[in-house]
Amino acid sequence: MRGTGKTRSHPDTGVQLEDSATDVINDQAEKGEIGESDKAPPVTPEEKQANIARSATQRRVPQETAEEWAYETVSKGRRVLLKAVDLGHRDAFFGVESVNDIIEIWLNDQHPVHKHLIEVLRSEADEEEQDPEILANRLRDAAFSLEMLLVAWARHEDKAPAGLRETMGDLRMDWGREARKFLEVIES
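Residues numbered from 1 in each chain as written. Predicted model: local features only at pLDDT ≥ 70, side-chain atom pairs only at ≥ 80, totals over all residues. Heavy atoms only, no water.

Draft legend 1. Structural context of the overall build of the protein. The number of helices and strands found in the protein is six helices and four strands. The linear arrangement of helices and strands in the protein, starting from the amino end, is β-α-α-α-β-β-β-α-α-α. Split into buried and exposed, the 188 residues of the protein put 31% on the buried side. Considering only contacts in the protein between residues 6 or more positions apart, those separated by 24 or more positions represent 51%. Summed over all atoms, the accessible surface of the protein reaches about 12,100 Å², with 55% contributed by carbon and sulfur. (Helix = DSSP H or I, 4+ residues; strand = E, 2+ residues; numbered from the N terminus. Buried < 20%, exposed > 50% of the residue type's maximum accessible area, 1.4 Å probe, protein only. Contact = heavy atoms within 4.5 Å. Areas by Shrake-Rupley, 256 points an atom, 1.4 Å probe, with all protein chains shown as cover.)

This is the structure in C-alpha cells:
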C-alpha cells in the first residue's frame, strides 16, 4: 500500500537517525547490554536483505520500495530501520520487530500520533511553510500533541490496577533511561 522512504537526519550534522541509533546499539552491545537483535544468528547480507524486504512487504510496502529499504539498511551496516507504514489498525502508534540483527520500527501512519506529531515535525518545508508564523504554529501543534501523548500514558498508568501500576512506572523509568542514552547523540 504505502511506505514513506523519507530519511531523518540531525539538522546540524546531517547524520542519519538510523546511523546514530546503530552507533548507540553497537556501543551498548560492546558493553554487554544485549537485546534480542544482538542474539540473532549471523546470516549473509543477501539473506538479511531478503528477510527485511519480506518483513516490509508484509506491511503492504511495495516490493520495489521494500527492496530499496533493505538494500540501504544492509549496505550501510545499520541495525535500525525506521519507516512509516500502514499497520492495518489505529491502536498502536508504532510496532517493533527484530529481523536478524535489525530492529525494525514501523511508525503507524494510521494512528493520530502520526498526523498530529510526526507529520507536523517532518513535513517538507515549501515556500509557504517558510513563514515564521506557520512554522511557529506547527511547533505549537507538535508540542501539544507530544504533551497529550504523555497525558495519555499518565492516564493509562492511573487506570491500571495497583500491581500493574508499579510495573508501568518501572517501565516508564526504564524507557526514560534508554531514551537518555539515545538522545545523548544529539548532545555530543
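Structure shown, so let's carry the discussion forward.
Draft legend 2. View of the packing of helix 2 (residues 45-57) against helix 3 (residues 63-75). Contact pair helix 2 / helix 3: the axes reach a minimum separation of 8 Å and the direction vectors enclose 140°. In terms of their interaxial angle, helix 2 and helix 3 are classed as oblique. Crossing of helix 2 over helix 3 shows right-handed handedness. In this structure, helix 2 uses Pro45, Lys48, Gln49, Ile52, Ala53, Ala56 and Thr57 to contact helix 3, whose residues at the interface are Gln63, Ala66, Glu67, Trp69, Ala70, Tyr71, Thr73 and Val74. A per-class count over the contact of helix 2 with helix 3 returns nine nonpolar, four polar and two charged. (Axes fitted to C-alpha atoms, helices over the stretch in contact; angles between N-to-C directions. Parallel < 35°, antiparallel > 145°, perpendicular 65-115°, else oblique. Left-handed = near helix turned anticlockwise from the far one by under 90°. Nonpolar A, V, L, I, M, F, W, Y, C, P; charged D, E, K, R; others polar.)

Draft legend 3. Local environment of the packing of helix 5 (residues 132-159) against helix 6 (residues 162-187). Look at helix 5 against helix 6: their axes get within 8 Å of each other, and the N-to-C directions meet at 150°. By the angle between their axes, helix 5 is roughly antiparallel relative to helix 6. Relative to helix 6, helix 5 is oriented so that their crossing is left-handed. Every residue of helix 6 that contacts helix 5 at Trp153, His156, Glu157 and Asp158 is listed here: Arg165, Met168, Gly169 and Arg172. By residue class, the composition of the contact of helix 5 with helix 6 is two nonpolar, two polar and four charged.

Draft legend 4. How the structure looks around unusual backbone geometry. In this structure, Arg60 is a non-glycine residue whose phi angle is positive, near 65°. Structurally, Arg60 can be placed in the loop between helix 2 and helix 3. The backbone of Asn100 sits at a positive phi, close to 55°, despite the residue not being glycine. Owing to a relative accessible area of 18%, Asn100 belongs among the buried residues under this scheme.

Draft legend 5. Looking closely at the pattern of salt bridges. Scanning the entire structure with this criterion turns up 14 salt bridges. Of the charged contacts, one joins Glu33 and Lys181 as a salt bridge, the two residues approaching to 2.9 Å between their closest N and O atoms. Taken together, the residues span a long stretch of sequence, with Glu33 in the loop between helix 1 (17-30) and helix 2 and Lys181 in helix 6 at a distance of 148 residues. The class for Lys181 is partly exposed, based on a relative accessible area of 27%. Measuring nitrogen to oxygen at the nearest pair gives 3.5 Å for the salt bridge that ties Arg60 to Asp86. Of this pair, Arg60 sits in the loop between helix 2 and helix 3 while Asp86 sits in the loop between strand 2 (80-85) and strand 3 (94-99), placing them 26 residues apart in sequence. Judged by relative accessible area, Asp86 falls into the buried class, the value being 8%. Ionic contacts of the salt-bridge type, sharing partners, join the residues Asp19, Glu72, Lys76 and Arg78 into one network. (Salt bridge = Lys/Arg side-chain N within 4 Å of Asp/Glu carboxyl O.)

Draft legend 6. How the structure looks around helix 1. With 14 residues, helix 1 extends 20 Å from end C-alpha to end C-alpha; this agrees with the ideal 20 Å at 1.5 Å per step. If you check which residues of helix 1 are buried, you get Glu18, Ser20, Ala21, Thr22, Val24, Ile25 and Gln28. Tucked into the core, helix 1 has its buried residues touching strand 2, strand 4 (102-108) and helix 6. Gly32 sits one or two positions beyond helix 1 and adopts a positive phi of about 95°. (Expected span 1.5 Å × (residues − 1).)

Draft legend 7. Structural context of the environment of Asn100. As for its placement among the helices and strands, Asn100 is situated in the loop between strand 3 and strand 4. With 52 residues separating them in the primary sequence, Asn100 and Lys48 have C-alpha atoms 6.6 Å apart. Excluding residues within four positions of it along the chain, Asn100 makes contact with Ser37, Ala40, Val43, Lys48 and Asn51. Only 3.0 Å separates the side chain of Asn100 from the side chain of Asn51, close enough to count as a polar contact. (Polar contact = N/O pair within 3.5 Å; in protein donor to acceptor, adjacent residues only side chain to side chain.)

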